[in-house]
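# Descriptive structure summary
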Amino acid sequence: QVQLEESGGGSVQVGGSLTLSCLTSGYSDWPYCMAWFRQVQGKEREGVARILRDDATSYPDSVKGRFTISRDSVKKSLYLQMNSLKPEDTGKYFCAAGRMYGSRGACIGIDNWGKGTLVNISS
């Protein structure tokens, strides 16, 4: 059974940093597309970072230069390094595995989602 489990969320002040982790289990091979999405209450979930199996990455303009997605196949983990955090980065962050790349920072054909981890940026 495939599972994705996020960790690392928390509360930080504006300008601070956080690193999110997503531990994967149940995969025999690394998914073609993995991404971090975030969701603010009342709004649609949006992709904020994507990495393909060939390690190509993609970010939307809203986080480009501040967020870095990476993966460790040995540890079966996905990471999101977030720097220079802003209040608008507040939300619930989800790890996801999908079949194809979508818009910048996202995958489509999502097969699996984690349960999410909360990030709160305070001014």
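Source: prediction; values computed, not measured. Positions within a chain are numbered from 1, following the residues in the order the chain's sequence is written. Given that the model is predicted, a residue must reach a pLDDT of at least 70 before its local features are reported, and side-chain atom pairs must reach 80 or more before they are shown or counted; all residues, however, enter totals for whole chains, interfaces and linings. Hydrogens are left out, water is left out, and the side-chain values use all remaining heavy atoms of the structure.

### Overview of the pattern of salt bridges
Should their charged atoms come close, side chains of opposite charge can pair. So the rule is basically this: Here, a salt bridge means any side-chain nitrogen of Lys or Arg that lies within 4 Å of a carboxyl oxygen of Asp or Glu. Each helix is a run of H or I in the DSSP string that is no shorter than four residues. Each strand is a run of E no shorter than two, and both are numbered from the N terminus.
One pass over the full model with this rule turns up 6 salt bridges. Residue R99 pairs with D111 through a salt bridge whose shortest N-O separation is 2.8 Å. Within this pair, whereas R99 is found in strand β9 (residues 91-101), its partner D111 is found in strand β10 (residues 107-113), the two being separated by 12 residues in sequence. If you follow the salt bridges from partner to partner, you end up with R38, E46, R66 and D89 in one network.

### Overview of the confidence of the model for the chain
Stated precisely, the cut-off is as follows: The pLDDT value tells you how sure the predictor is about a given residue, anywhere from 0 up to 100.
Per-residue confidence for the chain gives a mean pLDDT of 95; residues scoring 70 or more make up 100%. The least confident element of the chain is β10, whose mean pLDDT is 94; the most confident is strand β8 (residues 77-82), at 98.

### Some points on the sheet that holds strand β1 (residues 3-7)
Note the cut-off: Think of it this way: DSSP has to see at least two bridges between two strands before they count as a pair. Axis definition: a line fit to C-alpha positions, over the contact stretch in the case of helices; interaxial angles, taken between N-to-C directions, run 0 to 180 degrees.
Spatially, β1-β3-β8-β7 is the arrangement adopted by the 4 strands of the open sheet, whose pairing is antiparallel. Whereas interior strands pair on both sides, the edge strands pair on one side only; in this sheet they are β1 and β7 (67-72). Each strand of the sheet is rotated relative to its neighbour by a mean of 15 degrees, with strand direction disregarded. By the bridge criterion, 5 bridges tie β1 to strand β3 (residues 18-25) in an arrangement that is antiparallel. Bridging across to β3, E5 finds its partner in L23.

### Examining the environment of K64
Mapped onto the elements of the fold, K64 is located in the loop between β6 (57-58) and β7. In this structure the C-alpha to C-alpha distance between K64 and G114, which are 50 residues apart in sequence, comes to 23 Å.

### Things to note about the state of the cysteines
Applicable threshold: Our working definition of a disulfide is a cysteine sulfur pair at a distance within 2.5 Å. Each residue's exposure class comes from its accessible area (1.4 Å probe, protein chains only) as a fraction of the maximum for that residue type: buried when under 20%, exposed when over 50%, partly exposed otherwise.
Counting across every chain of the model gives 2 disulfides. Two residues share a disulfide in this structure: C22 and C95, whose sulfurs sit 2.1 Å from each other. On the sign convention where negative is left-handed, the bridge of C22 and C95, at about -70 degrees about the S-S bond, is left-handed. Taken as a pair, C22 in strand β3 and C95 in strand β9 lie far apart in primary sequence, 73 residues in all. Linked covalently through their sulfurs, C33 and C107 form a disulfide whose S-S length is 1.9 Å. The chirality of the disulfide connecting C33 with C107 is left-handed, given an S-S dihedral of about -85 degrees. You can see C33 sitting in strand β4 (residues 33-39) and its partner C107 sitting in strand β10, a full 74 residues away along the chain. Each member of the pair, C33 together with C107, is buried.

### Re the side chain of T117
Inclusion rule: Counted as a polar contact is a pair of N or O atoms within 3.5 Å, where, for protein atoms, one must be capable of donating a hydrogen and the other of accepting one, and residues adjacent in sequence contribute only when both atoms are in side chains. Every residue pair with non-hydrogen atoms within 4.5 Å of one another is taken to be in contact.
Take T117: it is sitting in strand β11 (residues 117-122). Exposure remark for T117: the relative accessible area of 10% places this residue in the buried category. In this structure the side chain of T117 is engaged in a polar contact, spanning 3.1 Å, whose partner is the backbone nitrogen of G9. Contacts of T117, omitting those with residues within four sequence positions, involve E6, S7, G8, G9, L20, G91, K92 and Y93.

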